[in-house]
Amino acid sequence: IIGQPGQKITFENNAKMISYSQLIFNGEEDRPIIIETKGRSESSISLINTKGRSIFSNVHFFGSTEPYTPLTGFTGYFNTYESDIDIFKCLFENNAEEDFLNLIRSNFNISFTNFINSKSDAIDSDFSSGSIKSCKFFNLGNDAIDISGTDLIIENIFIDRAMDKGLSIGEKSHL
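About the cut-offs
- Residues numbered from 1 in each chain as written.
- Predicted model: local features only at pLDDT ≥ 70, side-chain atom pairs only at ≥ 80, totals over all residues.
- Heavy atoms only, no water.
- Helix = DSSP H or I, 4+ residues; strand = E, 2+ residues; numbered from the N terminus.
- Rg over C-alpha atoms; globule rule 2.2 N^0.38 Å.
- Buried < 20%, exposed > 50% of the residue type's maximum accessible area, 1.4 Å probe, protein only.
- Contact = heavy atoms within 4.5 Å.
- Areas by Shrake-Rupley, 256 points an atom, 1.4 Å probe, with all protein chains shown as cover.
- Core = buried A, V, L, I, M, F, W, Y, C linked by side-chain atoms within 4.5 Å.
- Pairing = 2+ DSSP bridges.
- Axes fitted to C-alpha atoms, helices over the stretch in contact; angles between N-to-C directions.
- Salt bridge = Lys/Arg side-chain N within 4 Å of Asp/Glu carboxyl O.

With respect to the overall build of the chain
Then, in step 1: What the chain contains, in helices and strands, is zero helices and 21 strands.
Then, in step 2: Rg of the C-alpha trace for the chain: 15 Å, near the compact-globule value of 16 Å for 175 residues, within the 12% margin.
Then, in step 3: Its C-alpha atoms give the chain principal-axis dimensions of about 35 × 35 × 35 Å.
Then, in step 4: Burial status across the chain gives 49% buried among its 175 residues.
Then, in step 5: When contacts within the chain are restricted to residue pairs at least 6 apart in sequence, long-range pairs at least 24 apart make up 48% of them.
Then, in step 6: Accessible area of the chain: about 7,900 Å², with a carbon and sulfur share of 48%.

See the structure below:
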């Protein structure tokens, strides 16, 4: 699936995007791709066992500000399970779910990306490996970055108002 610059995707009425193939969403700085949730909704994006590496560049994610109980078994607004992903120059704003970005058994690179207003964790990584570089985190109800069983490289991150921990480094992780 390929997203185009300036494209807008709106989730309503519990819509979900579940993909078993890679997603390539390349927006432009002056024409980002917008992915938004309207109202109270059990909407989410999940990449599951994708064969290729997904790419999100210049994408603005606007989650729901109303909490819900997920039905997919994933705890995030954006979930990867055994799916590799690159996230570059993106914005994640307003999240009422458990995690804004939930990475499970995935390889990832996240750079020049901002996470703003999340009820709980901005990034939660379990049994994954990757890097988070030149990212900013603002106004989080829990942790900015929460890892467990993950190998992670971080570089040049800024965290402001994480209500629990800026970095939570859990079981068998390497930072």
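Concerning the nonpolar core
Then, in step 1: With 34 residues, the main nonpolar core has Ile 35, Phe 56, Phe 61, Phe 78, Ile 110, Ile 132 and Phe 137 as its most contacted residues.
Then, in step 2: Tallying contributions element by element places strand 12 (residues 99-104) first for this core, with three residues.
Then, in step 3: Once you skip the residues sitting within four places of it in the chain, Ile 110 turns out to touch Ile 87, Leu 101, Leu 103, Phe 115, Ile 123, Ser 131, Ile 132, Lys 133 and Cys 135.

Observations concerning the sheet that holds strand 8 (residues 59-62)
Within a sheet, each strand pairs with its neighbour through backbone hydrogen bonds, oriented either parallel or antiparallel.
Then, in step 1: Reading across from one edge, 2-5-8-11-14-17-20 is the order of the seven strands in this open sheet, with parallel pairing throughout. With one partner strand each, in any of the chains shown, strand 2 (8-11) and strand 20 (158-162) form the two edges of the open sheet. Sheet twist, expressed as the mean angle between neighbouring strand axes with direction ignored, is 5 degrees.
Then, in step 2: Sheet analysis places strand 17 (residues 136-140) next to strand 20, joined by four bridges and oriented parallel. In the strand pairing of strand 20, Phe 138 is matched with Asp 160.

A closer look at the pattern of salt bridges
Then, in step 1: Per the counting criterion, the structure on display carries seven salt bridges.
Then, in step 2: Linking Glu 36 and Lys 8 is a salt bridge whose minimum nitrogen-to-oxygen distance equals 3.3 Å. You can see Glu 36 sitting in strand 5 (residues 33-37) and its partner Lys 8 sitting in strand 2, a full 28 residues away along the chain.
Then, in step 3: What makes Glu 36 buried here is its relative accessible area of 13%.
Then, in step 4: Each of Arg 53, Asp 84 and Asp 86 takes part in a single network of salt bridges with overlapping partners.

Looking at the sheet that holds strand 6 (residues 44-48)
Then, in step 1: An order of 3-6-9-12-15-18-21 is seen for the seven strands of this open sheet, with the pairing classed as parallel. Lying at the two open borders of the sheet, with one neighbouring strand each, are strand 3 (16-19) and strand 21 (167-169). Neighbour to neighbour, the strand axes of the sheet diverge by 10 degrees on average, direction disregarded.

A short note on the pairing of strand 3
Strand residues, when the strand is regular, have side chains that alternate between the two faces of the sheet.
Then, in step 1: Side chains of strand 3 alternate between two faces, with Met 17 and Ser 19 buried and Lys 16 and Ile 18 left unburied.
Then, in step 2: Summarising the sheet, strand 3 and strand 6 pair through four bridges and their orientation is parallel. Residue pairing in the sheet places Lys 16 in a bridge with Ser 44 of strand 6.

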